[in-house]
Amino acid sequence: MSDTVEFAKMNGLGNKILVVDMRGRKDMVTPQAAIALNSDPETAFDQIMAIHDPRAQGTDAYIDILNCDGTKAQACGNGTRCVVQALASETGKKTFTFQTVAGILNASEHENGMISVDMGLPRFRWDDIPLSEEFYDTSRIELQIGPIDNPVLHSPAVMSMGNPHAVFWVTNDPMTFDLERFGPLLENHPMFPEKANITLAQVVSDTALRTRTFERGAGLTLACGSAACAAAVSAARTGRTGRTVEIDVASSPVRIPLIIEWRHDNHVVMTGPAEWEWSGRADPETGAWSRDAAQAKAAL
Ligand SMILES: N[C@H](CCC[C@H](N)C(=O)O)C(=O)O
């Protein structure tokens, strides 16, 4: 491997993230590299967060986000917390401003290691999400799956957190649904011209939700931060909860809730953990990679 960059294998509540350091370079991580990295079980990931030199004044970095199928994502909450932790441990800084294709994000690491990311403003207009059909009220749209007279899932709240989300309310535990089967049908439903992240959300109390997500471009993942934001905002918007909720991400092995606050200035702030696993070097064009020598030894 002649032309490699550093990367860190990290996770946000089990959401598998590769943080790739593209600073000082003009090229981008290619879809081919993403697909190659994902095909190796050791580097298989849900999202790549590629850190680039800042492109706008007042920002610390530009972040390019790729799904494991090589497509781009406009937002990734769990991955953004991983980027904050990686840069905080490198620089000692605690607050950051990032630019993504969806806009500017402010984030900070707290004394207790938890990380807050201002995920920006939710968007509810049908053509901002986008939907293929005009709906005036996107808090509950006509869409269902399963038998016509007894649908398994129906009437989702839909919105954009920079990326498209549909939230289906369920009364049973989200883990009891066959989301592996319904996920791809809903992700690719003609209602969503740019596809959608599909979340099942159970209201536990007026301050708590339990969620599980089938991610656009990544499938069933252990956690999804922007979906947690979408579920929290949709719950508050429809009067199911207040504006601050704890999200128990049902599929996550990490039993720490995400705290989502939909502030009165309309910004959505997500707080939760991030974890570093190991580091290595990868070729951003081909995806060829190696683990750092010290860690390779430690792993033997
Ligand atoms: N895991 C991410 C979401 C990725 C979204 C991506 N699957 C898409 O919108 O295409 C998160 O924590 O927010």
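Residues numbered from 1 in each chain as written. Predicted model: local features only at pLDDT ≥ 70, side-chain atom pairs only at ≥ 80, totals over all residues. Heavy atoms only, no water.

(A) Here's a closer look at the site of the ligand. Taken together, 15 residues surround the ligand, and among them N15, G77, R216, G225 and S226 come closest. N197 is positioned such that a nitrogen or oxygen atom in its side chain is 2.8 Å from an oxygen atom of the ligand. Between the ligand and the protein, one listed contact pairs an oxygen atom with a side-chain N or O atom of R216 at 2.7 Å. A total of 360 Å² of accessible area belongs to the ligand in isolation, and the protein chains cover 100% of it. Those elements that place two or more of their residues in the shell around the ligand are α2 (77-91) and α4 (225-237). For the shell around the ligand, a count of residues per class yields four nonpolar, nine polar and two charged. Residue-level mapping places the shell around the ligand at the junction of two domains, with at least three residues from each of domain 1 (5-114 + 274-291) and domain 2 (126-271). (Near = heavy atom within 4 Å. Polar contact = N/O pair within 3.5 Å; in protein donor to acceptor, adjacent residues only side chain to side chain. Areas by Shrake-Rupley, 256 points an atom, 1.4 Å probe, with all protein chains shown as cover. Helix = DSSP H or I, 4+ residues; strand = E, 2+ residues; numbered from the N terminus. Nonpolar A, V, L, I, M, F, W, Y, C, P; charged D, E, K, R; others polar. Domains from an automatic or database assignment.)

(B) Examining the UniProt feature "active site" (unreviewed entry) in the protein chain more closely. Listed under "active site" (unreviewed entry) in the UniProt record, and renumbered for this structure, are C76 and C224. Their sequence span is 149 residues, while the largest C-alpha to C-alpha distance among them is just 7.6 Å; these annotated residues converge on one region. By the secondary structure assignment, C76 is in the loop between β4 (61-67) and α2. Under the relative-accessibility criterion, C76 is labelled buried at 5%. Residues in contact with C76, not counting those within four places in the same chain, are I17, Q47, M49 and I65. Tracing the backbone shows C224 in the loop between β14 (219-220) and α4. Since its relative accessible area comes to 7%, C224 is described here as buried. Dropping the residues within four chain positions of it, C224 is found in contact with N15, N78, T213 and E215. (UniProt positions renumbered as here; feature names shortened; annotations may be inferred. Buried < 20%, exposed > 50% of the residue type's maximum accessible area, 1.4 Å probe, protein only. Contact = heavy atoms within 4.5 Å.)

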